[in-house]
Amino acid sequence: QVQVVESGGGLVQPGGSLNLSCTASVSILSMYSMGWFRENAEKQRFVVAGITGDGKTNYEDSVKGRFTISRDNTKNTVFLQMNSLKPEDTAVYYCSAFAGKFYWGQGTQVTVSS
């Protein structure tokens, strides 16, 4: 019943920027915590950034100071602004919505390469 769709990935040079968007088909987005994840080589998903319904944010250490998560509850959308991108940021990024259960998007590929 909850659909999550992320977009905005692509190919960018090191030092460049991307802005990812994620939209959830829910009536009241503030009821959901939202997060961005990426997978390691073993296809395990680890949180990159999270934001609670009231706007509290947290970040994985490697992206602190470079990535910013935000949300627009009116538009049912969460964003991940990624600056100063590094090759090690290359991954499929997944958006999730959580309210007692995780709902996942299909992923969007981010490739950082010269």
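Everything discussed here concerns the structure shown above.
Residues numbered from 1 in each chain as written. Predicted model: local features only at pLDDT ≥ 70, side-chain atom pairs only at ≥ 80, totals over all residues. Heavy atoms only, no water.

A.B. asks: Where do I start with the overall build of the protein chain in this structure?
C.D. replies: Along the backbone of the protein chain there are zero helices and 11 strands. Each helix and strand of the protein chain, ordered N terminal to C terminal, gives the series β-β-β-β-β-β-β-β-β-β-β. Relative to its length of 114 residues, the protein chain is compact, with a C-alpha radius of gyration of 13 Å against a globular reference of 13 Å. When its C-alpha atoms are laid out on the principal axes, the protein chain stretches across 40 × 25 × 20 Å. Expressed as a percentage of the 114 residues in the protein chain, the buried residues total 39%. A sequence separation of at least 24 residues applies to 52% of the contacts in the protein chain between residues at least 6 apart. When the accessible surface of the protein chain is summed, it comes to about 6100 Å², and 50% of that surface belongs to carbon and sulfur atoms. (Helix = DSSP H or I, 4+ residues; strand = E, 2+ residues; numbered from the N terminus. Rg over C-alpha atoms; globule rule 2.2 N^0.38 Å. Buried < 20%, exposed > 50% of the residue type's maximum accessible area, 1.4 Å probe, protein only. Contact = heavy atoms within 4.5 Å. Areas by Shrake-Rupley, 256 points an atom, 1.4 Å probe, with all protein chains shown as cover.)

A.B. asks: I would appreciate a short explanation of the nonpolar core in the present structure.
C.D. replies: The tendency in soluble globular proteins is for nonpolar side chains to be buried side by side. By size, the foremost hydrophobic cluster in this structure holds 28 residues, and its most contacted members are Met34, Trp36, Phe67, Val78, Leu80, Met82 and Tyr93. Of all elements in the fold, only strand 3 (18–24), strand 4 (33–39), strand 5 (45–51), strand 7 (67–72), strand 8 (77–82), strand 9 (91–98) and strand 11 (108–112) reach the threshold of two or more residues within this core. Among residues more than four places away in sequence, those in contact with Leu80 are Leu18, Asn19, Leu20, Trp36, Ala49, Phe67, Thr68, Ile69 and Tyr93. (Core = buried A, V, L, I, M, F, W, Y, C linked by side-chain atoms within 4.5 Å.)

A.B. asks: It is not clear to me how the environment of Ile51 should be interpreted in this structure. Could you clarify?
C.D. replies: When you line up the elements, Ile51 lands in strand 5. Counting along the chain gives 19 residues from Ile51 to Ser70, while the straight-line C-alpha distance between them is 7.1 Å. Not counting residues within four places of it along the chain, the set of residues in contact with Ile51 comprises Ser33, Met34, Lys56, Thr57, Ile69, Ser70, Arg71 and Val78.

A.B. asks: Which parts of the structure should I look at to understand the pattern of salt bridges?
C.D. replies: Any two side chains of opposite charge can pair if their charged atoms end up close together. Here the structure, examined in full by the defined rule, presents four salt bridges. The salt bridge involving Arg38 is made with Asp89; its shortest N-O contact spans 3.0 Å. Taken together, the residues span a long stretch of sequence, with Arg38 in strand 4 and Asp89 in the loop between strand 8 and strand 9 at a distance of 51 residues. Of the charged contacts, one joins Asp89 and Arg66 as a salt bridge, the two residues approaching to 2.7 Å between their closest N and O atoms. Residue Asp89 is found in the loop between strand 8 and strand 9, and its partner Arg66 is found in the loop between strand 6 (57–59) and strand 7; the two are separated by 23 residues along the sequence. For the pair Asp89 and Arg66, one class covers both residues: buried. Salt bridges sharing partners connect three or more residues here, namely Arg38, Arg66 and Asp89. (Salt bridge = Lys/Arg side-chain N within 4 Å of Asp/Glu carboxyl O.)

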